[in-house]
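Listed below, chain by chain, are the residues.
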Amino acid sequence: MKLILLGAPGAGKGTVAKMLTALDGSVQISTGDILRGAVQAGTDLGKEAKGYMDRGDLVPDSLIMGIMEGRLQEDDCKKGFLLDGFPRTIPQAEALTELLKKLGIKLDMAVDIDVPRDVILDRLCTRRTCENGACQAIYNVKSNPPKKEGICDKCGSPVVQRADETEEAISHRLETYNQKTAPLIGFYKKAGLVKTVTGTSSDAVVAAIKGSLGL
Ligand code: AP5
Ligand code: MG
């Protein structure tokens, strides 16, 4: 499957993407995970991105397109991909349209995961993430805690709060989403690609996506 996952911070894009990869070997491409990996590794990309991310601002479009042009042409994308957190602005969506045209790739759907704001705020305050840049497994102290407190089930690294999970950064990320990313729903509606899924159960979101794709 070739999907875009839209949705506010905390809507469950990463959680749903990981569930979908198990269905047909499509790969999850999270620009947030790529950037956090670069910050942890101390690369030039990471150094440039860190300030924006910690504040809850978007990283410049040019940096993101530089990453995605290469990433979408890697071999593991041939089976399909789940774009998690990309595109995030109208210019990114326009650039993606051009890139996919050039590569001869057709999207199946843009899924808008619609979750109430109070649920989102609660989830972001209680999320924990594996700090190993190559793993970044997602947990939640209420709904999905690691088996051993503070330790990742998958790789044994510490499970921590993300640097952008301060109250100030969370509210700024939600504001940025409303201003810059929510307009993408209209953009993909015009292209006839939007499927809105309202609900707080990730199983129900996955079932709705499977139903729409006829899986
Ligand atoms: P990014 O990493 O993409 O963060 P985000 O969009 O803010 O989204 P989140 O990862 O916070 O939420 P999610 O929807 O993945 O939810 P999750 O599954 O974790 O981006 C971070 C930063 O990088 C940006 O601010 C920006 O600076 C930069 N960036 C990234 N991409 C960019 C781009 N394209 N352009 C420019 N800048 C970019 O779930 C949240 C929590 O809820 C978890 O604890 C989970 O366990 C729990 N949960 C999920 N589903 C359920 C459920 N059904 N029931 C109960 N709990 C649930
Ligand atoms: Mg995520």
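The structure this text deals with has already been given above.
This structure is a prediction, so every number in the text was calculated from the model and none was measured.

Caption draft 1: Seen up close, unusual backbone geometry. With an omega of -5 degrees, the peptide bond between Phe-86 and Pro-87 qualifies as cis. Along the chain, Pro-87 turns up in the loop between β3 (81-84) and α5 (90-103). Unusually for a residue other than glycine, Gln-136 sits at a positive phi of about 50 degrees. On the basis of relative accessibility, which here comes to 4%, the residue Gln-136 falls in the buried class.

Caption draft 2: Geometry of the pairing of strand β5 (residues 127-130). Judged from the three bridges that link them, β5 and strand β6 (residues 138-140) form a sheet pairing that is antiparallel. Each residue of the ladder has a partner; that of Arg-128, found in β6, is Tyr-139.

Caption draft 3: How the structure looks around the sheet that holds strand β4 (residues 109-114). Taking strand neighbours across the sheet as the criterion, the five strands line up as β2-β3-β1-β4-β8 in an open arrangement whose pairing is parallel. Either end of the sheet is taken by a strand with one partner, and the two such strands are β2 (27-30) and β8 (194-198). Neighbour-to-neighbour, the strand axes of the sheet open up by a mean angle of 20 degrees, direction not taken into account. Inspection of the sheet shows β4 paired to β8 by five bridges, in the parallel sense.

Caption draft 4: Spatial organisation of the site of ligand 1. Not every one of the 34 residues close to ligand 1 is listed here, only the nearest: Thr-15, Asp-57, Arg-127, Arg-173 and Thr-200. The backbone of Lys-13 places a nitrogen or oxygen atom 2.8 Å from an oxygen atom of ligand 1. Contact distances for ligand 1 include 3.0 Å between a nitrogen atom and a backbone N or O atom of Gly-85. For ligand 1, whose free accessible area comes to 1000 Å², the fraction covered by protein is 93%. At the level of elements, α1 (13-24), α2 (31-41), α6 (117-126) and β6 are the ones that each hand at least two residues to the shell around ligand 1. For the shell around ligand 1, the per-class residue count stands at 12 nonpolar, 13 polar and nine charged.

Caption draft 5: Main features of the sheet that holds strand β7 (residues 159-160). Here three strands make up an open sheet; going across it, the order is β6-β5-β7 and the pairing antiparallel. Edge positions in the sheet fall to β6 and β7, since each has one partner strand and no second. Relative to β7, β5 runs antiparallel, the two being bridged by two bridges. Bridge pairing in β7 links Cys-130 to Val-159. Each of β5 and β6 is contacted by α6, which is oriented at about 45 degrees to β5, the strand it contacts most.

Caption draft 6: Structural detail: the pattern of salt bridges. Under the definition given, this model contains 12 salt bridges. Across the pair Asp-164 and Arg-162 runs a salt bridge, and its minimum N-O distance is 3.0 Å. An identical accessibility class is assigned to Asp-164 and Arg-162; each is buried. One continuous salt-bridge network, built from bridges that share partners, spans Arg-71, Glu-74 and Asp-76.

Caption draft 7: Summary view of the environment of Thr-21. Note that Thr-21 resides in helix α1. The class of Thr-21 is partly exposed, set by a relative accessible area of 25%.

What counts as what
- Residues numbered from 1 in each chain as written.
- Chains lettered and ligands numbered in written order.
- Predicted model: local features only at pLDDT ≥ 70, side-chain atom pairs only at ≥ 80, totals over all residues.
- Heavy atoms only, no water.
- Helix = DSSP H or I, 4+ residues; strand = E, 2+ residues; numbered from the N terminus.
- Buried < 20%, exposed > 50% of the residue type's maximum accessible area, 1.4 Å probe, protein only.
- Pairing = 2+ DSSP bridges.
- Axes fitted to C-alpha atoms, helices over the stretch in contact; angles between N-to-C directions.
- Near = heavy atom within 4 Å.
- Polar contact = N/O pair within 3.5 Å; in protein donor to acceptor, adjacent residues only side chain to side chain.
- Areas by Shrake-Rupley, 256 points an atom, 1.4 Å probe, with all protein chains shown as cover.
- Nonpolar A, V, L, I, M, F, W, Y, C, P; charged D, E, K, R; others polar.
- Contact = heavy atoms within 4.5 Å.
- Salt bridge = Lys/Arg side-chain N within 4 Å of Asp/Glu carboxyl O.

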